[in-house]
Amino acid sequence: MTDVLNIPKLPDEDDTEGLRAHLRNGISAILQNSQVQLQPDVVSNQKDSPVHIDVANQVNPFAVHEPLYDLIKLLAEHVQLVLKRLQSQDDSLLLEAYLTEWDQYVTAANRIDRLLNLINRHWVQREIDEGKPDVYHIRTLHFVQWRSYLWATISVAVIDSAQLVMEKSNENGAKIRDVLKGFASLQIDDSALTGDTRTRIQESLEAPFLSEIEAHERSRQNIIAARLR
């Protein structure tokens, strides 16, 4: 049964700090449990925004900068907690634990991306269109934090764990294919499971977040190049 989280009633629209805390609590709840059901006023209101503010016109600076600052901090803290959980796993169990955490994180990322959709559309996209560095769509920001605070630290151990799974399998690598394909968010196909063992494992595990980050960077470079013509 999906948990339902009771968060205090949405503050008045002129209560900037209250709105900020309200949204922060909702985001934290989703990160901790990607399936949690929030009260309706946490995720929407009359303007289809997580808080009752004019994001498009940026009347209130809170509309953009404060939620993004909070999100960046919350993601860093959350991902580091996930890292600690993974580091406590036995080597033989690390791969599956990593994939489970990743699936939950992607689900949370998609929900939070929808929650902050107006910020994506009206501010983030405008900053990206201007070629600003270190500005990402909300979902992509989740992946940047995952790469920076988790994957950069634990990637070698996760790949080692995957190789251990393969070595213990009597099916000449079929087990690792089954394990990887069992997690839909990886979008693994057979062509990704050919070639050097460590390379194919690394590419399979990095693809779900790295491809989106790299696509963002290519787009930004194209925008900058177009402005210089």
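Rules of the game
Residues numbered from 1 in each chain as written. Predicted model: local features only at pLDDT ≥ 70, side-chain atom pairs only at ≥ 80, totals over all residues. Heavy atoms only, no water. UniProt positions renumbered as here; feature names shortened; annotations may be inferred. Salt bridge = Lys/Arg side-chain N within 4 Å of Asp/Glu carboxyl O. Helix = DSSP H or I, 4+ residues; strand = E, 2+ residues; numbered from the N terminus. Buried < 20%, exposed > 50% of the residue type's maximum accessible area, 1.4 Å probe, protein only. Core = buried A, V, L, I, M, F, W, Y, C linked by side-chain atoms within 4.5 Å. Contact = heavy atoms within 4.5 Å. Bend = angle between axes of the 7 residues up to and from the residue.

Under an unreviewed UniProt entry, the name given to the protein chain is Ubiquitin ligase (Cullin) of SCF, and the source organism is Fusarium irregulare. Taken directly from UniProt, the Sequence similarities (unreviewed entry) text for the protein chain runs: "Belongs to the cullin family."

### What about the pattern of salt bridges?
Any two side chains of opposite charge can pair, on the condition that their charged atoms come close. Following the criterion strictly, the structure yields 7 salt bridges and no others. Of the charged contacts in the structure, one is a salt bridge between Glu-212 and Arg-139, with a shortest N-O distance of 3.0 Å. Taken together, the positions of Glu-212 in helix α8 (residues 197-228) and Arg-139 in helix α6 (residues 138-168) put the pair 73 residues apart, joining distant regions of the chain. Among the salt bridges present, the one from Arg-198 reaches Asp-160, with a minimum N-O distance of 2.7 Å. A residue pair is termed long-range when its members are at least 10 positions apart, and Arg-198 in helix α8 and Asp-160 in helix α6 qualify at 38 residues. Given the relative accessible area of 38%, Asp-160 is considered partly exposed. Overlapping salt bridges, with partners in common, bring together Glu-127, Glu-130 and Lys-132 in one network.

### Notes on the nonpolar core
Counting 52 residues, the largest nonpolar core has Ile-27, Tyr-98, Leu-116, Trp-146, Leu-150 and Phe-209 as the members making the most contacts within it. Going through the elements one at a time, α1 (16-32), α3 (65-87), α4 (91-115), α5 (117-129), α6 and α8 are the ones with two or more residues in this core. The greatest single-element share of this core, amounting to 13 residues, is contributed by α6. In contact with Tyr-98, other than residues within four places in its own chain, are Leu-86, Trp-146, Leu-150, Trp-151, Val-158, Leu-205 and Phe-209.

### Points about α8
The principal kink in α8, of about 65 degrees, is found at Ala-207, preceding the proline Pro-208 by one to four residues. When α8 is considered as a whole, its buried residues turn out to be Arg-200, Ile-201, Ser-204, Leu-205, Glu-206, Pro-208, Phe-209, Leu-210, Ile-213, His-216, Arg-220 and Ile-223.

### So, the environment of Ala-21
With respect to the element layout, Ala-21 can be found in helix α1. Owing to a relative accessible area of 23%, Ala-21 belongs among the partly exposed residues under this scheme. Residues Ala-21 and Asp-70 lie 49 residues apart in sequence; the distance between their C-alpha atoms is 9.3 Å.

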